[in-house]
Amino acid sequence: MIDKLKKLNLGCGNRYMQGWVNLDIDDKDIYGDKQKVDVKHDLDKFPWPFRDNEFDEVLIRHTLEHLDNIFKTLKEITRITKNNGIITIVVPHFSCYLAYRDPTHKHFFSYQSINYFKGKNELVSARLKASHNKMIDLLSNIINFFPVIYERFFYGYFPVQECIWKIRVRK
């Protein structure tokens, strides 16, 4: 019999995922409308209400940029994720207007930012996403051949939407 993988969706907001544990700070969005969550917890308060090595996979999508301490946050995600578990992090790229228009964003990220806070964890993949539009996103393939050159010379001409990182937990 195959064990069911336990997955955690941190900062789920209105992106509730069936089969995952969905956590957010509240069951109401910023407008006071009801949203579905399984666990209510402030991610800036440590420790989080989970056991060590509880999850096989963790997703933190458009949440990390809102938190106070990304180093403590990644350490806590590593604590609750099993060895060899996968953590997927999605954040707005610094060149995206969504990164700096939101006054609740506390951090800005580039392609290589993950190297500063992943700790001992192994970087499985890193990519820039050009757009949520499928046609425009075809440019992601070109940008990801030379992401550092893109960020150094071309981000001002063609901003991208997101940084997407997958890391494997190493304990």
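This section reports on the structure supplied with the text. These numbers were taken from a predicted model, which means no experiment stands behind them.

## Overview of the pattern of salt bridges
Scanning the entire structure with this criterion turns up 10 salt bridges. A salt bridge links Lys34 to Asp27; the nearest nitrogen and oxygen atoms lie 2.7 Å apart. Note that Arg79 and Asp52 form a salt bridge whose closest N and O atoms lie 2.6 Å from each other. Taken together, the positions of Arg79 in helix α1 (residues 70-80) and Asp52 in the loop between β3 (39-40) and β4 (55-61) put the pair 27 residues apart, joining distant regions of the chain. Shared partners join several salt bridges into a network, and the residues in it are Lys6, Arg51 and Glu54.

## Brief notes about the pairing of strand β5 (residues 81-92)
By the criterion of burial, β5 is predominantly enclosed, with nine of the 12 residues buried. Across six bridges, β4 lies against β5 in parallel orientation. Within the sheet, the bridge partner assigned to Ile60 lies in β5 and is Ile89. Chirality of the crossover, the property in question, places the unit of β4, α1 and β5 among those that are right-handed. Relative to strand β7 (residues 162-168), β5 is paired through seven bridges, and the arrangement is antiparallel.

## As for the nonpolar core
Leu10, Leu64, Ile89, Phe117 and Trp165 are the most contacted members of the largest nonpolar core, which totals 33 residues. The element best represented in this core is α1, accounting for four residues.

## Some remarks on the environment of Phe94
Relative to the helices and strands, Phe94 is located in the loop between β5 and α2 (97-101). Residue Phe94 is classed as partly exposed on the basis of its relative accessible area, which comes to 25%. Linking Phe94 and Tyr116, residues 22 residues apart in sequence, is a C-alpha distance of 16 Å. Sequence-distant contacts of Phe94, that is, excluding residues within four places in its chain, are made with Ala99, Tyr100, Phe108, Phe109, Ser110, Glu151 and Tyr155.

## Quick notes on α1
Three or more residues of α1 are buried, namely Ile70, Thr73, Leu74, Glu76, Ile77, Thr78 and Ile80. In the core, the buried residues of α1 are packed alongside β1 (7-10), β4, β5, α3 (114-117) and β7. Two or three places before Phe71, at the start of α1, stands the capping residue Asn69, its side-chain oxygen 3.0 Å from that residue's backbone nitrogen.

About the criteria used
Residues numbered from 1 in each chain as written. Predicted model: local features only at pLDDT ≥ 70, side-chain atom pairs only at ≥ 80, totals over all residues. Heavy atoms only, no water. Salt bridge = Lys/Arg side-chain N within 4 Å of Asp/Glu carboxyl O. Helix = DSSP H or I, 4+ residues; strand = E, 2+ residues; numbered from the N terminus. Buried < 20%, exposed > 50% of the residue type's maximum accessible area, 1.4 Å probe, protein only. Pairing = 2+ DSSP bridges. Right-handed = clockwise from strand over helix to strand, strands pointing away. Core = buried A, V, L, I, M, F, W, Y, C linked by side-chain atoms within 4.5 Å. Contact = heavy atoms within 4.5 Å. Polar contact = N/O pair within 3.5 Å; in protein donor to acceptor, adjacent residues only side chain to side chain.

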